[in-house]
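Residues per chain, in single letters:
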Amino acid sequence: MLLSFYLSILALALLAYANNGSVTDYAPLVNQPCPDVTINPLVRSFTPVNQSLHPREEDYVNTRLTTVIPNEWQNWVGDGSAIGYNLSEFKNTLFPRIGLAFSGGGARAAQYGAGVLSALDGRNQTSKAAGTGGLLQVSLYTAGLSGGSWLLGSLYMNDFPPIRELVQGNGHSLTGWLLDIAFFTPDGVNLLSKLNQYWFGSILWSVVAKGITGIDTSVTDLWSRVISYHFLNQTTRNNFFTNNSAHGAGQLWSTVPLLPSWQRYQLPFPIIQANSRPVGSNLTTALSPTSAVYEITPMEWGSWDPQLSAMMNMSYAGTHLTNGQPDNDTACVTGFDDTGFMMGTSASLFNQLIDRVHNTVQGMSSSVSKAIFSLLDRQLSVLRTRADDVANWPNPFYNLAGKANFQDLHSEWLELIDGSSNQENLPLGQLFVKARNLDVVVGIDSSAQIPTTNWPNGSALFLNAARITDLLQSSHQVSPPLPVATPKPPGVSDADLVPSSPPLNGDKPVINTPTLRLEFSKAHTQLFLDQVYANAIGGFVSNTNIPDPNFGRCLQCAAIDRVRYRINPPLARSDFCTQCFTQYCFDPNNPPSSSELPGRFLSRGKVGLIVGFLVAALVIAAICTFLILRKRRQSHAANYKKLMGPRDESELPFMRHDLHRESGTSTLSYGLGHLDWQVMPYVPEEHRELDPAPEGKPPTTT
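Residues numbered from 1 in each chain as written. Predicted model: local features only at pLDDT ≥ 70, side-chain atom pairs only at ≥ 80, totals over all residues. Heavy atoms only, no water.

Caption draft 1: Representation of the overall build of the protein chain within the structure. Counting its regular elements, the protein chain contains 17 helices and 21 strands. When the accessible surface of the protein chain is totalled, it reaches about 25600 Å², and 53% of it is carbon and sulfur. (Helix = DSSP H or I, 4+ residues; strand = E, 2+ residues; numbered from the N terminus. Areas by Shrake-Rupley, 256 points an atom, 1.4 Å probe, with all protein chains shown as cover.)

Written as structure tokens, this is what we have:
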């Protein structure tokens, strides 16, 4: 029986076209040969004092910084005369090390980040003419979490195409994000429709393929596959409900260095951020700042937090290690770093959203909640798991020597969750790591901390600064000074202090949508990108509804400012740039007022915190903190239920069950020893099409 099940799944894995792969490519390869860890250790351990970058990261960023970025600076600012400098005076000194941080916020944040990137992209001639286009090309790092990681995953795995084409398609090689197709109910709210059932079956087929390897799966795996249909390639409107492509499965994060653009050193180095729920805590609320924060790069993953200070080889993620050693020479795992799973891990908020008592997902519609629970219940009836509301990662830092303070030192698994679960919704911390030595950090914030309007309130800046001050002083650069609270002048209300993110011209905003909205019409996405783009290139002029024609040059002033101090003697700030800093940097003696922004759709909620200048606070944090008034920490709701309780066993036709799983404890072995049931992902007969088989291959079914 068990052998029959295994052979059936193995046969299904061979059914897709060879050139497009199979949805079962989501499954990692287990029992793989391990490298000689005495020569090439899988784990890199260090201390905050002697931290260093991965050699391949260091080589890449240094080569890009010295051979590519100087030319990109010239492309962006010309000879420097437009901002009052002579660029040739900078030629003997290294240009600033710049990082871009993209916030979480679901599809809203992904679209918002795309709109800003388009404004910063020197390939966009309108952006270049505005003076903002070029910052992307001179940046050394990008970092994203949750929805921001969707943008990065899509951007890199599609080899860095023009941003508008990435999101909206180009009519041939790119079909766009297809955001008008609902994430969990692509054929509408009728879950029993034929096409929904085909699609559910495909999603489950991927996750079952991973689960039968012996690696625990969860709702995050379902979520990861859903995200992949939209943000990775291989999915079109015509094949959305078929299995004739892998739909992004098997596109590995560790293969980013194989991209042609990477090999030309044209891409910033990418980082995805995730948080970790302490194993055994079963927390369904926001995390404490003390919980370890992880980063995931194409080279390695781990944490710079002093409690861990260790990294694991990305190509062998998913391998169980004890004090850095695999169980044996063939106990390694490869292919665990499916990019969809990396994005899904960074956006896994289910421990805070799922209410098992009422079978609802907070913030999602009834039909979406039903779809999620139907998929999860079918998954859990097939596969064992240890924690079904987090991303389950085998712990390579298990019993690692010298890490007595590591929160999960004695756990063989890690429970990774959304990268903003500690309420830091901007991945600034990864860009403040001392070894990276960045000069400028740009925060692109599409958070929604203000519940009545879904605008950001700037709290991510303060939370990042507090975490660095309290916990990370030995491992991270000091946070730049932030404005302190000052008494509001007479006549200035809390509503006067909210972000200046609505459109400059007074149009009603369409960009402050709920975080869990997962469907956008084509027209909405177009208008969304247009509004973000217009603000991102426009800055603002007090008491008008017109853009600032000098904003692009002011952005150049901010980005290059620190280089002045590397020249001996230091170069004086130019008159033009001095004017920019006066215009855009916060002045506690002259706080901003909504009266300076006539006709804007500003919130009237009692939520005062910041006024940003790039739609939702594009912050040049390493130079000056733009227009921040005071700090107010926002806490997540604490009344979420645990993902526990009885499961709805009502049947849907996308799975056939022959036997039931018996309860048991999780095993660490890879293979089929823990399986004692038989189940087949169900592909309806009328959806099967027999295709001619390549020579020497079995026929394929889609």
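Caption draft 2: Layout of the packing of aromatic side chains. Considering all chains together, one arrives at 33 aromatic pairs under this definition. Look at W150 and W223: their rings are 5.6 Å apart centre to centre, the planes differ by 70°, and that puts the pair in the edge-to-face class. Pair noted here: W150 is in helix α6 (residues 147–157) and W223 is in helix α9 (residues 219–231), with a separation of 73 residues, a long-range link. Accessibility assignment for this pair places W150 and W223 in one class, buried. Ring centres of W199 and F200 lie 5.6 Å apart, and the angle between their planes is 55°; this geometry places the pair in the tilted category. Looking at F200, the relative accessible area reads 0%, which means it is buried. Of the aromatic side chains, those joined through ring pairs into one cluster are W150, W177, F183, F184, W223, F231 and F350. We note K210 situated over the ring of F341; from NZ or CZ to the ring centre the distance is 3.6 Å. (Phe/Tyr/Trp six-rings, centres within 6.5 Å; stacked < 30°, edge-to-face > 60°. Buried < 20%, exposed > 50% of the residue type's maximum accessible area, 1.4 Å probe, protein only. Lys NZ or Arg CZ within 6 Å of the ring centre and 35° of its normal.)

Caption draft 3: Structural detail: the nonpolar core. Ranked by size, the top nonpolar core spans 173 residues in total, and within it W73, L135, W150, F184, W301, W393 and F397 carry the most contacts. Apart from the residues within four sequence positions on either side, F397 is in contact with V43, Y294, W301, G302, L308, A310, M311, M312, F406, L409 and L414. (Core = buried A, V, L, I, M, F, W, Y, C linked by side-chain atoms within 4.5 Å. Contact = heavy atoms within 4.5 Å.)

Caption draft 4: Examining the confidence of the model for the protein chain more closely. Across the protein chain, pLDDT averages 81, with 79% of residues at or above 70. This model gives residues 1–18 a pLDDT under 50, and the stretch forms 33 contacts once residues within four places in sequence are excluded. Taken as a whole, residues 603–702 scores under 50 in pLDDT and shows 303 contacts with residues more than four places along the chain or in a different chain. (pLDDT = per-residue confidence, 0-100.)

Caption draft 5: Inspection of the environment of T452 at higher detail. Note that T452 resides in the loop between β16 (440–444) and α14 (459–471). Separated by 62 residues in the primary sequence, T452 and P514 place their C-alpha atoms 10.0 Å from one another.

Caption draft 6: Representation of helix α15 (residues 522–538) within the structure. Its 17 residues place the ends of α15 24 Å apart at the C-alpha level, agreeing with the 24 Å of an ideal helix rising 1.5 Å per residue. Buried within α15 are the following residues: H524, T525, F528, L529, Q531, V532, Y533, N535, A536 and G538. Looking at the buried residues of α15, the elements they touch are α3 (106–120), α4 (125–130), α7 (163–168) and α16 (551–560). Note on α15: the residue one or two positions beyond its end, G539, has a positive phi of about 55°. (Expected span 1.5 Å × (residues − 1).)

Caption draft 7: Region of interest: empty space enclosed by the protein. Enumeration according to the criterion identifies seven cavities of 30 Å³ or more in this entry. Empty space within the largest cavity amounts to approximately 90 Å³. Every residue lining the largest cavity is counted, 15 residues in all, and those nearest its centre are V293, E424, G429, Q430 and R467. Counted by class, the lining of the largest cavity contains six nonpolar, six polar and three charged residues. (1 Å grid on protein atoms, 1.4 Å probe; cavity = no way out; pocket = protein on both sides within 12 Å on 5 of 7 lines; lining within 4 Å. Points joined across faces, edges and corners; volume = space filled by probe spheres on them. Nonpolar A, V, L, I, M, F, W, Y, C, P; charged D, E, K, R; others polar.)

Caption draft 8: Seen up close, the environment of A558. Summarising the element assignment, A558 is placed in helix α16. We classify A558 as buried; its relative accessible area is 4%.

Caption draft 9: Highlighting the pattern of salt bridges. One pass over the structure, following the stated rule, counts 15 salt bridges. Between D561 and R564 there is a salt bridge whose closest N-O contact spans 3.0 Å. Of the two residues, D561 and R564, both sit in the buried class. The network of salt bridges with shared partners includes R277, R386, D389 and E415. (Salt bridge = Lys/Arg side-chain N within 4 Å of Asp/Glu carboxyl O.)

Caption draft 10: Local environment of the side chain of T513. Secondary-structure assignment places T513 in the loop between α14 and α15. The residues touching T513, leaving out its near neighbours within four places in the chain, are R108, N454, F520, H524 and F528.

Caption draft 11: Summary view of the state of the cysteines. Throughout the structure, instances matching the rule amount to three disulfides. Residue C34 pairs covalently with C332 via a disulfide, S to S 2.1 Å. Taking the sign of the torsion about the S-S bond as the criterion, the disulfide between C34 and C332, at about 120°, is right-handed. On the criterion of sequence distance, the pair formed by C34 in the loop between β1 (29–32) and β2 (43–45) and C332 in strand β11 (residues 332–334) is long-range, its members being 298 residues apart. (Disulfide = S-S within 2.5 Å.)

Caption draft 12: Spotlight on the packing of helix α8 (residues 194–211) against helix α13 (residues 366–382). It is the contact of α8 with α13, at a shortest axis distance of 11 Å, that shows an interaxial angle of 40°. By the angle between their axes, α8 is oblique relative to α13. Regarding α8 and α13, the two cross each other, and that crossing is right-handed. The segment α8 lies against α13, with F200, L204, V207 and V208 engaging A371, L375, R378, Q379 and V382. When grouped by side-chain class, the residues that make up the contact of α8 with α13 number seven nonpolar, one polar and one charged. (Axes fitted to C-alpha atoms, helices over the stretch in contact; angles between N-to-C directions. Parallel < 35°, antiparallel > 145°, perpendicular 65-115°, else oblique. Left-handed = near helix turned anticlockwise from the far one by under 90°.)

Caption draft 13: Spotlight on unusual backbone geometry. Between N568 and P569 the backbone carries a cis peptide bond, its omega angle lying at -5°. When you line up the elements, P569 lands in the loop between α16 and α17 (575–584). Unlike most non-glycine residues, Q423 shows phi in positive territory, near 80°. Turning to its location among the elements, Q423 is positioned in the loop between β15 (413–417) and β16. When its relative accessible area of 16% is taken as the criterion, Q423 is described as buried.

Caption draft 14: Focus on the packing of α8 against α9. In contact at an axis separation of 9 Å, α8 and α9 are set at 125° when each is read in the N-to-C sense. The orientation of α8 with respect to α9, classified from their angle, is oblique. Handedness of the α8/α9 crossing: right-handed. On the side of α8, the interface is formed by W199, S202, I203, L204, S206, V207 and K210, while α9 contributes D221, L222, R225, V226 and Y229. Across the contact of α8 with α9, the residue classes break down as seven nonpolar, two polar and three charged.

Caption draft 15: Molecular detail of the side chain of H476. As for its placement among the helices and strands, H476 is situated in the loop between α14 and α15. Polar contacts involving the side chain of H476 include one to the side chain of S475, which spans 2.7 Å. Excluding anything up to four places from it in sequence, H476 contacts W304, G429, F432, V433, K434 and I468. (Polar contact = N/O pair within 3.5 Å; in protein donor to acceptor, adjacent residues only side chain to side chain.)

Caption draft 16: Inspection of the pairing of strand β8 (residues 310–313) at higher detail. Pairing analysis gives three bridges linking β2 to β8, with the strands arranged antiparallel. For R44, the partnering residue across the bridge sits in β8 and is M311. Sheet analysis places strand β7 (residues 300–303) next to β8, joined by four bridges and oriented antiparallel. Along β8, the bridge assignment pairs W301 with M312. Hairpin connection between β7 and β8: a loop of six residues separates the two successive antiparallel strands, and S309 in this loop has a positive phi of roughly 50°. (Pairing = 2+ DSSP bridges.)

Caption draft 17: Seen up close, the environment of T297. Along the chain, T297 turns up in the loop between β6 (293–296) and β7. For the pair T297 and F269, spaced 28 residues apart in the sequence, the C-alpha separation amounts to 8.2 Å. Beyond its immediate stretch of four places on either side in the chain, T297 contacts W253, F269, P270, I271, M314 and R436.

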